[in-house]
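# Overview (structure and organization)
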Amino acid sequence: MTAGDLDDIKTRGVLRHLGIPYANFVTGSGDGFEVEMTQKFAEFLGVKYQFVKTEWGTVVQDLTGKVVKSKGSDVEVIGEAPVKGDIIANGFTVLPWREKIVNFSVPTFPSQIWLIARADSKVRPIKPSLKIEKDIAATKALMKNRSVLSMENTCLDPRLYNLSETGAKVICTKGQLNEMAPALIKGDAEMTILDVPDALIALQKWPGKLKIIGPVSDKQKMAPAFAKESRELLAAYNRFLEKTRKDGTYMRLINKYYPTAYSFFPDFFKGLKQ
Amino acid sequence: MIPVKRLRLRGALFLINLLLLGYLGFLLLNLYSSHERIHNAAVEQLQHNTEKRALVLESFLLDRTEDLIDLSEKQQLLAYFENLSLGMSLEYGLGASVNDLRASLDRYRLRKKLGSSPLYKRIVFVDAENNVLADVHADGSNKVKIATLRRYISRRSQIVRYHIDHGEPRSGQAQLVLSYPYLFKERYAGSLIVWISLADLYDRFVRADGAKNNTRDSISLLHDNEAYFCTASNVGHSRIPFGSLPEPSLLKRDRQVMTLHDEDNRAVSVLSASIPLTGTPLMLTSFIPLERNQLASPLQLVLTTGAIGLLILAGTVVLIRTDMNSRLIETRLDEARIREEAMADQNRMLYATTVELKESKEKLTLALEGADLGLWSWHIPSGKVDFNEQWAAMLGYQLSELDSDVSAWESLVHPDDMLHVQQVLKLHLAGNSALYETEHRCRTKSGEWLWILDRGRVVERDSAGAPIRMAGTHLDINDRKLAEERLLQLNNDLEQRVQEEVTKNRQKDAFMLQQDKMASIGQLAAGVAHEINNPMGFIISNLGTLTKYTQALTTYIESYEQQLTVLPVEEQQRLEALKKQLDVGFIVSDISALLSESQEGADRVKQIVLDLKDFTRADEVTVKDTDLNQCVRSTINIVRNELKYVAQLDLQLGDIPPVLCNPQQINQVITNLLVNAAHAIDGHGSITVVTRQEGQKVVLTVADTGKGIEPELIKRIFEPFFTTKPVGQGTGLGLTISYDMVKRNGGEISVESELGKGTIFTVTLPVGEGER
């Protein structure tokens, strides 16, 4: 069984949303930015909504039916698996290797990977230089000989950012992305890499416990992902997204779940109806 | 010369006038004193009200201090400075803290309301380096300048400070600015500054609260040393000339009397009461004009009082005169009214009586009509009878068509009822009953008989007790009587049906009992057949073997006898004598006959057992394709004993297909028919059983040459308990059960009979399913 394209989903009458509790995209309490957006997408298609909980390690295979292993910007298919959903919508970062196995919709949220340290760390945040490459280099230089949390097969995969070349002691965890910040505070490592949405929430939740050192990646974007064969479903999502951007639904949900996102990423949200 | 008496009179008058003058003076003093007290009370009230409003405003502003402390404890503010102290940059993380801080302050600004609009028009956080980190305000507000903010910032004292932002003069945009220093790790880190509209404060706490206060007689104004914070439109149409209010800096605490000028440049004397609002540059001042409270001059009072006195006196005289005339007229009017009322009372009583009588009559009429009662009144000595319309109408007559004589009534009473009526009437007239009451029929005009309930009593007797007059009613009870008759008929019918049902149930019970009995007999027979069947098996088997043995022995004996010639003659003679003595020759010849008969008897028993089993078929209770001829044969075997002495049995069993039936039940039907046929024959006769096919049916007839059945009885022979047999010989249920069983098997049973010749029963059964 493959991920359904539009006709299959309409015949089946259900849109299966693959998600993992992460930041305010999928809160784990039945709501979240991506949960509400996908529910509205199901409504747009005229089908029922079904949430399918998955894991970062299996989310791609649950959509595509292919067990994959990422190698930097490349991906290798190493097996087959049952398909469990029709759309990944989870604050899913657009990464080169992912683009080779899935199709992304128009981006729905901006992101970047930052290096975060515990407040008591002796490492001081970088002084911004206004040039992202310099800032990344300055940040990576601070990682040498320090333990850094990361997570494979996610946007925090250390291979994506060549963390091994920094001399950092990279620790790959197996838990959830939203457990990275608590793990850092608990002392599992001195540093972690986090994407911006998660880092902002961590700063709100634990003021004075964490500090952002600097960027380890260029600006990124997040978007829902679809199986390669679900072209009509992807096109339908892009139409749906355009509609929500025009009628104000999209920004209403952004402000609901990420109230500071607009002022933090003004360029990304510029011109959208509030 | 003035007489002494007159002088005394004048003196008295003078004294009276003097006393009056003194009294007037006393009144004037009292009046003056009252005016003073009222004036002082008004001033005190003004002062009190002003103080009260000032207190409310002070309390409100004190609560705002708490607001600023709340704001300074915002977690977002702490987070920003924590992150700042950790060295985070605006680009990487600190910007988010700034955004959080702005969002938090804006939410606070929108949440705090004064009435329905936000209390704080603007909230600003400026850091220690005079960078404006957050500036949240309503849309359209101008950007605040840092130079302006500096006026409000104090780094030293950790208290809420109040300032006035005057804005454009008399624009109504003046605002109260509150600032509060923010400390991070006990060091000054910035200031929180909030703006409150003074016009809003004025409307909420001064004007709104003083909606009754800001009248034409007084106003309250909010101001500092520089300006009043309200526009002319705010103060309404007060008598206080707003345009000529004193400079605010001239208003001091407590009361002041001042002169203001109105638009026509007329001087207005005004009392003011000012209360400064503690801790703020604000002051609340109330103004009240003094003119209304000035005392009138004593002469004015005397003249006014005298004129009023004269007016009162003149008015009193006029009133007294008018009052006397009025009283006279009123007295006359009262008399006339009393008379009129008395007449009206009489008229009302008369009218009420008339109405009552009319109503009473109407009620009586209605009651009689409603009760369908005809009235009669009989003058006994003269025989004259009066009837009413209803009496006549009841019998279909007009009143004019009836003679007013008792004979007219007598002619209408049914002759069959007359004797009874006269007896009852006679008893009552003799005084032996309290009421005359009969139910009898009367002839209507159309000639029909109508049942009447006739009631009456003697209403007048002479001195000797002889009846003079009798009155009574007629009531049409025809419907009731007919209903009673119908009811009686229904009761009779019901009783009959109950009797029939009882009979039916009794018959049904007996029927069931008989069926149970037959079933029991069948089960018993089946059981006996089963028990006999097994020993019969080995008896027959042994007989067969015994026959073979006997034949072998006979053959051996015959061979042996042929060899006797070789024996000596004496020996041959002795054996021959013994053979004769033992009758061996007969034994040998008879033994095979005995065995053959035994074999035949055993076979017969076996056949009877098989037939008995076949007849009862206790294990077969369902309908199935059945060989009717076999049923006939097995049944005949069972009842042969009943038949063989009275009749010659003639079987004409045709080539018929199987029939669809319950064989056990059909066997019982055939048994009943055969036994009945045997019983119908006196002496010796014949019974003929025929089977044949007619279309999709198989027909079985059982005909006897018996005495036959009488035609009037033939229709009853299938009835339960109907029997022509002598008492004790028949239950009367055999044919009934047969009828029921044939019907249950989808067949028909009928009978033809002729007296003296015999009877034919015909049973028709459907061909089995496999043969259709």
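Our subject is the structure listed above.
Summarised in this report is the structure supplied together with it.

Conventions and cut-offs
- Residues numbered from 1 in each chain as written.
- Chains lettered and ligands numbered in written order.
- Predicted model: local features only at pLDDT ≥ 70, side-chain atom pairs only at ≥ 80, totals over all residues.
- Heavy atoms only, no water.
- Buried < 20%, exposed > 50% of the residue type's maximum accessible area, 1.4 Å probe, protein only.
- Helix = DSSP H or I, 4+ residues; strand = E, 2+ residues; numbered from the N terminus.
- Contact = heavy atoms within 4.5 Å.
- Pairing = 2+ DSSP bridges.
- Axes fitted to C-alpha atoms, helices over the stretch in contact; angles between N-to-C directions.
- Phe/Tyr/Trp six-rings, centres within 6.5 Å; stacked < 30°, edge-to-face > 60°.
- Lys NZ or Arg CZ within 6 Å of the ring centre and 35° of its normal.
- Parallel < 35°, antiparallel > 145°, perpendicular 65-115°, else oblique.
- Left-handed = near helix turned anticlockwise from the far one by under 90°.
- Nonpolar A, V, L, I, M, F, W, Y, C, P; charged D, E, K, R; others polar.
- Patch = residues over 30% accessible without salt bridge, like charges linked within 9 Å, V, L, I, M, F, W, Y side chains within 5 Å.
- Areas by Shrake-Rupley, 256 points an atom, 1.4 Å probe, with all protein chains shown as cover.
- Salt bridge = Lys/Arg side-chain N within 4 Å of Asp/Glu carboxyl O.

The subject of this paragraph is helix H9 (residues 249–257) of chain A. Along H9(A), the residues classified as buried are Thr249(A), Tyr250(A), Met251(A), Leu253(A), Ile254(A) and Tyr257(A). Looking at the buried side of H9(A), the elements it contacts are helix H2 (33–45), strand E7 (109–111), helix H8 (231–247), helix H10 (261–264) and helix H11 (266–269) of chain A.

Time to look at the sheet that holds strand E13 (residues 384–387) of chain B. Either a parallel or an antiparallel arrangement is found when strands of a sheet pair, and the pairing is made through backbone hydrogen bonds. Residue and element names in this part refer to chain B. Reading across from one edge, E13-E12-E16-E15-E14 is the order of the five strands in this open sheet, with antiparallel pairing throughout. With one partner strand each, in any of the chains shown, E13 and strand E14 (436–443) form the two edges of the open sheet. Sheet twist, expressed as the average angle between the axes of neighbouring strands with direction ignored, equals 25°. Looking at chain direction, E14 and strand E15 (residues 449–461) are connected through eight bridges and run antiparallel. Residue pairing for E15: Arg443 is matched across the bridge by Trp449. Contacting strand E12 (373–379), E14, E15 and strand E16 (467–476), helix H10 (residues 415–429) runs over the sheet at an angle of about 155° to E14.

This brings us to the packing of aromatic side chains. For any pair of aromatic rings, the description consists of the separation of the ring centres together with the inter-plane angle of the planes. The full count for this structure, using the stated rule, is 30 aromatic pairs over all chains. Here a set of aromatic residues connected by ring pairs shows up, and it is made of Tyr22(A), Phe25(A), Phe33(A), Trp56(A), Phe92(A), Phe104(A), Phe109(A), Tyr250(A), Tyr258(A), Phe268(A) and Phe269(A). Directly above the ring of Tyr250(A) sits Arg245(A), whose terminal nitrogen or CZ lies 4.9 Å from the centroid. The ring of Trp451(B) has Lys481(B) lying over it, and the distance from NZ or CZ to the ring centre is 4.4 Å.

All names here are of chain B. Of all eleven residues in strand E7 (residues 187–197), ten are buried; the element is thus mostly enclosed. Pairing analysis gives seven bridges linking strand E3 (residues 120–127) to E7, with the strands arranged antiparallel. Paired with Ile123 across the strands is Val194, a residue of E7. Bridge count for strand E6 (residues 175–184) against E7 is ten bridges, and the pairing is antiparallel. Bridging across to E7, Pro181 finds its partner in Ser191.

Attention now goes to the packing of H2(A) against H9(A). Residue and element names in this part refer to chain A. Viewed as axis vectors pointing N to C, H2 and H9 meet at an angle of 155°, and their least axial separation amounts to 9 Å. Between H2 and H9, the interaxial angle falls into the category roughly antiparallel. In the crossing of H2 with H9, the sense of the turn from one axis to the other is right-handed. Contacts between H2 and H9 involve Phe33, Glu36, Met37 and Lys40 from the former and Thr249, Tyr250, Arg252, Leu253, Ile254, Lys256 and Tyr257 from the latter. Broken down by class, the residue content of the contact of H2 with H9 amounts to six nonpolar, one polar and four charged.

Below, the discussion takes up a nonpolar patch on the surface. Residues and elements named next belong to chain B. Together, Leu9, Leu13, Ile16 and Leu20 make up an exposed nonpolar region whose accessible area comes to about 380 Å². Along the chain, Ile16 falls in helix H1 (residues 4–72). Judged by its relative accessible area of 44%, Ile16 is partly exposed.

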